[in-house]
Each structure stands twice: as structure tokens, then as C-alpha cells.
Amino acid sequence: MAEILVLVDHADGAVRKPALELLTLARRIGEPSAVVLGAGEAAASIAATAGEYGAATVYVADGAEFTDQLVVPKVDALTQLAKEKGAAAVLVTSSGEGKEVAARVALRLGSGLITDAVELEAGENGPVATQSVFAASYQVKSTVTRGVPVITVKPNSAAPEASSAAGTVENVTVAFTGNAAKVVARTPRVSTGRPELTESAIVVSGGRGVGAAEGFAVVEKLADSLGAAVGASRAAVDAGWYPHSNQVGQTGKQVSPQLYVAAGISGAIQHRAGMQTSKTIVAVNKDPEAPIFDLVDYGVVGDLFEVLPQLTDEIGAR
Ligand SMILES: Cc1cc2nc3c(=O)[nH]c(=O)nc-3n(C[C@H](O)[C@H](O)[C@H](O)COP(=O)(O)OP(=O)(O)OC[C@H]3O[C@@H](n4cnc5c(N)ncnc54)[C@H](O)[C@@H]3O)c2cc1C
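- As annotated in an unreviewed UniProt entry, the protein chain carries the name Electron transfer flavoprotein subunit alpha/FixB family protein and is attributed to Streptomyces flavochromogenes.
- Regarding the protein chain, the relevant UniProt record gives this comment under Function (unreviewed entry): "The electron transfer flavoprotein serves as a specific electron acceptor for other dehydrogenases. It transfers the electrons to the main respiratory chain via ETF-ubiquinone oxidoreductase (ETF dehydrogenase)."

Spelled out as C-alpha cells, the structure:
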């Protein structure tokens, strides 16, 4: 069966959810093999998890290069494995780093690259990837016609499904090419305790309607009651009410959660570009004519300062 290499994202010794989604999708197009790089002592438990989610083989490579340098060591490892194993496709999570790794691997392999896929299926001429383009106005299906397809997949594109496989660990020695940018210092981001915006299954976002930085407290309370990440429109970010790292949209982050709640957001095309592929969309806006209501599954016409606390209380009560 066609071997599909899946780069397994991990943090703090644990597999990140988008990697489990990739392993689930990889099973639709072939037999997944997980690639675990620079995990140190956690490699064994990460490999076991990959096996639970369908990885027949888990290639493990370690070395200070993976932590001391930016993307190049990962590119070295993936390119080497893709060639040695005759892989039928390489799958990587659509994060900033993931897309850079994927682009460089595709270049080295002389292959076509598809980014930000939201669906994968088997086709006659290799994997068929679906992308949602032009602010999610169109769905495009593509296949790579040259080389080993390298595909990045957006987080939350599939629900992770366990499917036990051998998960046989194979240690790999990577021939590093060098020439990588070196990490000279690290400053950990202060944790909010909330999930990562692009990976969270639920996102609650606030816009100009929130009125002030302090107004985001009602958005955060609702988010916390749902275990959600907090997003913001550009208007709210430009006003200095919320950090740019939380901006959703064309010039912010692209999210595709199971549930997206937009509070006090009008629904400008540039905002929609970052959230329109969300599975269920709920908006709270006091203007019944707000364009956001054109794309919602559920809309509440009302003042967010009245609606959100009631919703938070109700969720707490349940
Ligand atoms: C090149 C470019 C890139 C851009 N990139 C992005 C991007 O990445 N992300 C992004 O978001 N925008 C982006 N924008 C900006 C975008 O065009 C809009 O200006 C922005 O999204 C508007 O933000 P908003 O919906 O919060 O504000 P507004 O459009 O001002 O809407 C505020 C809404 O809140 C409602 N409201 C007010 N008070 C309340 C209340 N108490 N309760 C309930 N509802 C209330 C109002 O009815 C209104 O609908 C970009 C623009 C350009 C030109």
C-alpha cells in the first residue's frame, strides 16, 4: 500500500491534535507512517500515540539540530525519508512552520505542493486535496501532477479517529545539510491557559462592538466556559484592545473550528477570509442588517453585553 509520510507536530512531549487529524486523513489515501523529529525522551510515547492513530511505522530521528536550528533539519529529514522510502505523499500541518517545511521539501523533491487543504481523498492519479479559496467562496480540488505530492492540511479539517496499527519504531540517522538559521534565544510566551487559536475546536471572537479592551472580559468568560480560544477582528486589534496574535482574518490567522462565535463583528470580507470554513458559525450583533448574518448558522440580534453573559451562565449551569 502507498506509504504516506506524516510529520508529527509535538509540544512539551505530547502529540498535538492536528497531527492526529493528519494521521486520520492519511488513512484515506494510503498507509500512514509517522515522522517524529527532535522529541528526545518523549519519542517513545509519541510513537505509541501515532500507532494508536494508524501509523504502521514511526520514523524517529533526534539530534540537537532539531531544537537549535529553524526548519532546515526537519526539511533534511523529511526529504531523506521521502526519497529512501519511495513515499506516495508527504503530509504536514498548515502552520507557519509547517508550510515553510513543506515548501522546502517540495522544492528539494522537485514536487508539486498544495497548501491549506481542508479535505483529502484517494484519486486515480494520487491524493485529491480540497482547498477553500477566495474567502471560502469556492472549493477547489487539486492533485499534484509532478513528483511526490507534498500537502499541508489546515487544523480541524478532520476529527481524529483512533485506528490501532503496529507503530513499529525505526530509528533514522539524518544527514543534515547545515546552512540553517540558528536559534540564539527563546522567550516563552506567557500562557493564557487557553487553547491555541488555530487549533482550537471552538473560537469566540470579539470585534469593534466590544467597545474597549475591558469589554473583552465577556468574550473571555464565554470562551472559558466552552474551553475555547479567543479571537479578535482587526478593528479590535488595531484599537489596541486585543493582541495581534489573536487576529482572525486575511491579515491575521485562519481558523476552521467546529464552532465559531462572532460577537460585535460586522462580517467584512477580510474577516470572513479567516473563519468562513468554520463548521458552525454563531453571531451576536445588535444590527439585524450586519453582513455576518448572511453566513451564520445561528444569529442573535442583540447587545453582546446582555447576550454573552446569559449564554455563559447557561453553559455553566449545564
Ligand atoms: C487589506 C485589509 C486586510 C484586512 N484584514 C483583516 C483581518 O485579517 N481581520 C479582520 O477582522 N479585518 C480585516 N480587515 C478589516 C475589515 O475590512 C473590517 O474593517 C474589520 O473586520 C471590521 O471589524 P469589526 O467587524 O470588528 O468592526 P465593525 O465593522 O465596525 O463592526 C462592528 C459590529 O459590531 C456591532 N456592534 C456594536 N456594538 C454592539 C453590541 N454592544 N452588541 C452587539 N453588536 C454590536 C455593530 O453592529 C457592527 O456590526 C482588513 C482590511 C483590509 C483593507
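1. Looking at the sheet that holds strand β14 (residues 259–263)
Sheet strands pair via backbone hydrogen bonds, and the direction of the pair is either parallel or antiparallel.
Then step 1. In space, the five strands of this open sheet follow the order β13-β12-β14-β15-β16, with parallel pairing throughout. Pairing within the sheet leaves two strands with one partner each, and these edge strands are β13 (229–232) and β16 (298–301). Neighbour-to-neighbour, the strand axes of this sheet turn through a mean angle of 15°, independent of strand direction.
Then step 2. In the sheet, strand β12 (residues 202–206) pairs with β13 via four bridges, with the strands oriented parallel. Counterpart to S205 in the pairing with β13 is G231.
Then step 3. Docked against the sheet, helix α6 (residues 216–226) engages β12, β13 and β14, running at close to 175° with respect to β12.
Then step 4. Contacting β14, β15 (280–285) and β16, helix α9 (residues 304–317) crosses the sheet at an angle of about 135° to β15.

2. Some remarks on the site of the ligand
Then step 1. In the vicinity of the ligand, 24 residues are found, and the nearest of them are R208, S233, T251, S266 and N285.
Then step 2. Separating a nitrogen atom of the ligand from a backbone N or O atom of V248 is a distance of 2.8 Å.
Then step 3. T251 is positioned such that a nitrogen or oxygen atom in its side chain is 2.6 Å from a nitrogen atom of the ligand.
Then step 4. Contact with the protein chains covers 76% of the free accessible surface of the ligand, which is 980 Å².
Then step 5. The cavity that encloses the ligand is the second largest pocket.

3. Focus: the domain arrangement of the protein chain
Then step 1. As assigned here, the protein chain comprises domain 1 (3–171) and domain 2 (202–317).
Then step 2. Just the C-alpha atoms count here: the centres of domain 1 and domain 2 sit 31 Å apart.
Then step 3. Listed by partner, the interface residues are six residues for domain 1 and nine residues for domain 2.
Then step 4. Where domain 1 abuts domain 2, roughly 640 Å² becomes buried across the two surfaces, and 53% of that area is made up of carbon and sulfur atoms.

4. Let's talk about the layout of surface pockets
Then step 1. Each pocket or cavity is described by its volume, and for the largest pocket that value is around 1,900 Å³.
Then step 2. The set of elements that each furnish at least two residues to the lining of the largest pocket consists of β2 (10–11), α3 (65–68), α4 (72–85), β6 (89–93), α5 (96–109) and β13.
Then step 3. Counting residues per element, the lining of the largest pocket draws most heavily on α5, at four residues.
Then step 4. Taken together, the residues of the lining of the largest pocket break down into 19 nonpolar, 16 polar and 15 charged.

5. Examining the side chain of D9
Then step 1. Along the chain, D9 falls in the loop between β1 (3–7) and β2.
Then step 2. Of the side chains bearing the opposite charge, R16 lies closest to the buried D9, which forms no salt bridge; the N-O distance is 5.1 Å.
Then step 3. The residues contacting D9, other than those within four sequence positions of it, are A14, V15, R16, A19 and T93.

Rules behind the numbers
Residues numbered from 1 in each chain as written. Predicted model: local features only at pLDDT ≥ 70, side-chain atom pairs only at ≥ 80, totals over all residues. Heavy atoms only, no water. UniProt positions renumbered as here; feature names shortened; annotations may be inferred. Pairing = 2+ DSSP bridges. Helix = DSSP H or I, 4+ residues; strand = E, 2+ residues; numbered from the N terminus. Axes fitted to C-alpha atoms, helices over the stretch in contact; angles between N-to-C directions. Contact = heavy atoms within 4.5 Å. Near = heavy atom within 4 Å. Polar contact = N/O pair within 3.5 Å; in protein donor to acceptor, adjacent residues only side chain to side chain. Areas by Shrake-Rupley, 256 points an atom, 1.4 Å probe, with all protein chains shown as cover. 1 Å grid on protein atoms, 1.4 Å probe; cavity = no way out; pocket = protein on both sides within 12 Å on 5 of 7 lines; lining within 4 Å. Sits in = over half its atoms within 2 Å of the grid points. Domains from an automatic or database assignment. Buried area = accessible area lost by both parts, 1.4 Å probe. Points joined across faces, edges and corners; volume = space filled by probe spheres on them. Nonpolar A, V, L, I, M, F, W, Y, C, P; charged D, E, K, R; others polar. Buried < 20%, exposed > 50% of the residue type's maximum accessible area, 1.4 Å probe, protein only. Lys, Arg positive; Asp, Glu negative; His and termini not counted. Salt bridge = Lys/Arg side-chain N within 4 Å of Asp/Glu carboxyl O.

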